[in-house]
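Read off the chains here:
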Amino acid sequence: MTDDLAAGLNDEEKRRLHEIFAQIPFVHLIGMELEEVERGAATIRMEVSDGLKRNGGIVHGGAIASLIDSAAAFAIMTLLEPGKSTTTIDLTIHYLRPLLKGQARARARVVRRGRRVTVVSIDVMNDSEVITATALTSYLMLD
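Per chain, residues are indexed from 1 in the order of the written sequence. Reporting of local features is limited, given that this is a predicted model, to residues whose pLDDT is at least 70; pairs of side-chain atoms are given and counted only at 80 or more, and all residues count toward the totals for whole chains, interfaces and linings. The side-chain values count all of the structure's non-hydrogen atoms but skip hydrogen atoms and water molecules.

A. Examining the overall build of the chain more closely. Secondary structure is summarised from DSSP: a helix means a run of H or I of at least four residues, a strand means a run of E of at least two, and numbering begins at the N terminus for each. When helices and strands are tallied, the chain shows four helices and six strands. In the chain, the succession of helices and strands from N to C terminus is α-α-α-β-β-α-β-β-β-β. For 143 residues, the compact-globule estimate of 2.2 N^0.38 gives 15 Å, and the C-alpha radius of gyration of the chain, at 15 Å, lies within 12% of that figure. Taking the principal axes of its C-alpha atoms as reference, the chain extends roughly 45 × 25 × 25 Å. For the chain, the proportion of its 143 residues judged to be buried stands at 41%. Contact between two residues is taken to exist if any of their heavy atoms lie within 4.5 Å; hydrogens are not considered. Within the chain, contacts between residues at least 6 apart in sequence are counted, and of these 61% link residues at least 24 apart. Of the roughly 7,900 Å² of accessible surface on the chain, 51% is carried by carbon and sulfur atoms. None of His or the chain ends enter the tally, which takes Lys and Arg as positive and Asp and Glu as negative. To locate a charge, the coordinates of NZ of Lys, CZ of Arg, CG of Asp or CD of Glu are taken. One way to put it: in the chain the 17 positive side-chain charges average out to a point 4 Å from where the 19 negative ones average out. The size measure is the radius of gyration over C-alpha atoms, and the globule rule it meets is 2.2 Å times the number of residues to the 0.38 power. Working definition: with a 1.4 Å probe on protein chains only, accessible area under 20% of the residue-type maximum means buried, over 50% means exposed, and in between means partly exposed. Accessible areas in this description were obtained via Shrake-Rupley with a 1.4 Å probe; residue shielding takes into account the shown protein chains only.

Okay, here's the thing in structure tokens:
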């Protein structure tokens, strides 16, 4: 574990991340909640609602991708100084099982933090903790 991942988040850092999350209209639109943050990791959950489903009663892949991207962003934010930002440069998702009901939970963890690019691995689980999707994404650090 690298030095920046070894230290935990203090209460002020957690509060700041929860405040930032609360100010994002899109996450509220699709029903996401920031569940947990720790240094280099984040978990976001999303209620499976009819509004997120495609034909056949399955959660739309775009909603799952949004959950994944949001969890990855917050995992990275636990490592950034206030005022710094990033942007997604790629996202590869493997949809393994359909999501039909309950909650989806995305757990993201930073795999490698470079000077310019950070790589994050994300697993999406259903209520039974069965992996329904897995992803790998890269983010560019912005100046």
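On we go.
B. Seen up close, the environment of Val-27. Mapped onto the elements, Val-27 comes out in helix H3 (residues 25-29). Each C-alpha atom, one on Val-27 and one on Ile-68, is 12 Å from the other, the two residues being 41 residues apart in sequence.

C. Fine view of helix H4 (residues 61-77). Helix length check: H4 (17 residues) gives 24 Å between terminal C-alpha atoms against 24 Å at 1.5 Å per residue, within 8%. Taking burial as the measure, the 17 residues of H4 include 14 buried ones, the bulk of the element. In a helix, the anticipated span is given by 1.5 Å times the number of residues less one.

D. A look at the sheet that holds strand S5 (residues 117-125). For two strands to be treated as a pair, DSSP must find no fewer than two bridges joining them. Read from one edge to the other, the open sheet built from six strands follows the order S1-S2-S4-S5-S6-S3, with strand pairing classed as antiparallel. Only two strands of the sheet have a single neighbouring strand rather than two, namely strand S1 (32-38) and strand S3 (85-95). Strand-to-strand twist across the sheet, computed as the mean angle between neighbouring axes with direction ignored, equals 20°. Judged from the nine bridges that link them, S5 and strand S6 (residues 131-142) form a sheet pairing that is antiparallel. Its bridge partner being in S6, Val-117 is matched across the sheet by Leu-140. Contacting S1 and strand S2 (41-47), helix H2 (residues 11-22) crosses the sheet at an angle of about 160° to S1. Every axis in this analysis is a line fitted to C-alpha atoms, fitted for helices over the stretch in contact. Angles between the N-to-C directions lie between 0 and 180 degrees.

E. Main features of unusual backbone geometry. Backbone geometry places Glu-129, a non-glycine residue, at a positive phi of 65°. Note that Glu-129 resides in the loop between S5 and S6. Its relative accessible area of 39% is what places Glu-129 among the partly exposed residues.

F. Focus on H2. The end-to-end C-alpha distance of H2, which contains twelve residues, comes to 16 Å, matching closely the 16 Å that a straight helix rising 1.5 Å per residue would cover. N or O atoms closer than or at 3.5 Å make up a polar contact, with two conditions inside protein: a donor-capable atom paired with an acceptor-capable one, and, for residues adjacent in sequence, both atoms drawn from side chains. Two or three places before Glu-12, at the start of H2, stands the capping residue Asn-10, its side-chain oxygen 3.0 Å from that residue's backbone nitrogen.

G. Quick peek at the packing of aromatic side chains. Two rings from Phe, Tyr or Trp (for Trp, the six-membered ring) form a pair when their centres sit within 6.5 Å of each other. Planes less than 30 degrees apart are called stacked, planes more than 60 degrees apart edge-to-face, and all others tilted. For the structure shown, the criterion picks out one aromatic pair. Each ring, one from Phe-21 and one from Phe-74, has its centre 5.3 Å from the other, and the planes form 70°; the classification is edge-to-face. Of the two residues, Phe-21 is situated in helix H2 and Phe-74 in helix H4; the sequence distance between them amounts to 53 residues. Taken as a pair, Phe-21 and Phe-74 share a single burial class, namely buried.

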